[in-house]
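# Residue-level structural notes
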Amino acid sequence: MNITKSHLHVEFPRNVHFECSLCALCCGDTETNVRKILLLKKEAEKISKKTRKDIESFAEKINDKAPYAYVMRKTNSGKCVFLKGKLCIVYDTRPLICRFYPFKIDNLGNQHYTFSYTKECPGIGRGPQLKRKFFETLFAELISLMKKIVQ
Ligand code: SF4
């Protein structure tokens, strides 16, 4: 299904049911996946302000994944440094990549975007069927953050 707004074209999956199971699987490495929790510079600054921690204490600078500027550090067990038990202690300021999970969006060029999702998330297949509004909201968050970056 599509969201078409003036020059933007966004495709999103149909008939997907999703409800977060609060399992925190997305907050660390799994047997099959090494998790890269990428952060935009603005996001790292926001977490630093909230936690009063230097960015370097929780994230590593990267140069090969623009627009992302940092990757979150993980514990020896491969979990995000902000995961305590199954709780995210920076939930309100968690990065966009966490807000999107298990969904991701690919920029196909020419203002054409497409959403996809990973079936590794146990929340897929549970709960209500996702409607257009769900993806519109995620997309709006992305656009608003990207606008802040270019300011
Ligand atoms: S920032 Fe929060 S939601 Fe994101 S990976 Fe870390 S603990 Fe999980």
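It should be noted that the structure appears before, not after, this text.
In what follows, the accompanying structure is described. (Residues numbered from 1 in each chain as written. Predicted model: local features only at pLDDT ≥ 70, side-chain atom pairs only at ≥ 80, totals over all residues. Heavy atoms only, no water.)

For the rest of this paragraph, the subject is the site of the ligand. Near the ligand you find Cys27, Ile37, Met72, Cys80, Phe82, Leu83, Cys88, Val90, Pro95 and Cys98, and these make up its full shell. Using a 2 Å cut-off from the grid points, one finds that the ligand occupies the second largest pocket. Residues of the shell around the ligand, tallied by class, amount to 10 nonpolar, no polar and no charged. (Near = heavy atom within 4 Å. 1 Å grid on protein atoms, 1.4 Å probe; cavity = no way out; pocket = protein on both sides within 12 Å on 5 of 7 lines; lining within 4 Å. Sits in = over half its atoms within 2 Å of the grid points. Nonpolar A, V, L, I, M, F, W, Y, C, P; charged D, E, K, R; others polar.)

Time to look at the nonpolar core. Buried together is how nonpolar side chains tend to be arranged in soluble globular proteins. Of all hydrophobic cores here, the largest spans 21 residues; its most connected members are Phe100, Phe103, Ile105, Phe115 and Phe139. The contacts of Ile105, once residues within four sequence positions are left out, are Val10, Phe100, Tyr113, Thr114, Phe115, Phe139 and Leu142. If you look at the next biggest cluster of nonpolar residues, it comprises 13 residues, including Leu39, Ala44, Ile47 and Phe82. (Core = buried A, V, L, I, M, F, W, Y, C linked by side-chain atoms within 4.5 Å. Buried < 20%, exposed > 50% of the residue type's maximum accessible area, 1.4 Å probe, protein only. Contact = heavy atoms within 4.5 Å.)

The next subject is the side chain of Arg35. Tracing the backbone through its elements, the reader meets Arg35 in the loop between strand 3 (17-18) and strand 4 (38-39). A distance of 3.5 Å separates a polar atom in the side chain of Arg35 from the backbone oxygen of Leu25. Ignoring any residue separated from it by four or fewer positions in sequence, one finds Arg35 in contact with Leu25, Cys26, Gly28, Asp29, Thr30, Lys74, Tyr101 and Glu120. (Helix = DSSP H or I, 4+ residues; strand = E, 2+ residues; numbered from the N terminus. Polar contact = N/O pair within 3.5 Å; in protein donor to acceptor, adjacent residues only side chain to side chain.)

On to the pairing of strand 9 (residues 103-109). Sheet topology places strand 9 next to strand 10 (residues 112-117); six bridges connect them, and they run antiparallel. Residue pairing for strand 10: Asn107 is matched across the bridge by Tyr113. Counting the residues that bridge the hairpin from strand 9 to strand 10 gives two residues, and of these Asn110 lies at a positive phi of roughly 50 degrees. (Pairing = 2+ DSSP bridges.)

Along the chain, Leu142 falls in helix 4 (residues 132-150). Distance in space between the C-alpha atoms of Leu142 and Arg99 is 9.9 Å, their sequence separation being 43 residues. When near neighbours in sequence (up to four residues on either side) are disregarded, Leu142 contacts Leu96, Phe100 and Ile105.

Looking along the chain, the bond that leaves Ala66 and enters Pro67 is cis, with omega of 10 degrees. Secondary-structure assignment places Pro67 in the loop between strand 5 (59-61) and strand 6 (70-72). In the Ramachandran plot, Asn110 falls in the positive-phi region, its phi being about 50 degrees despite a non-glycine side chain. Its location among the elements puts Asn110 in the loop between strand 9 and strand 10. For Asn110, a relative accessible area of 79% gives the class exposed.

According to the stated counting rule, one finds 10 aromatic pairs in the structure shown. Consider the rings of Phe103 and Phe134, whose centres lie 5.4 Å apart with planes at 65 degrees: the pair is edge-to-face. Separated by 31 residues along the polypeptide, Phe103 in strand 9 and Phe134 in helix 4 bring together distant segments of the chain. One aromatic cluster in this structure is built from Phe12, Phe18, Phe100, Phe103, Phe115, Tyr117, Phe134 and Phe135. The ring of Tyr70 carries Lys61 above its face, with NZ or CZ at 4.8 Å from the centroid. (Phe/Tyr/Trp six-rings, centres within 6.5 Å; stacked < 30°, edge-to-face > 60°. Lys NZ or Arg CZ within 6 Å of the ring centre and 35° of its normal.)

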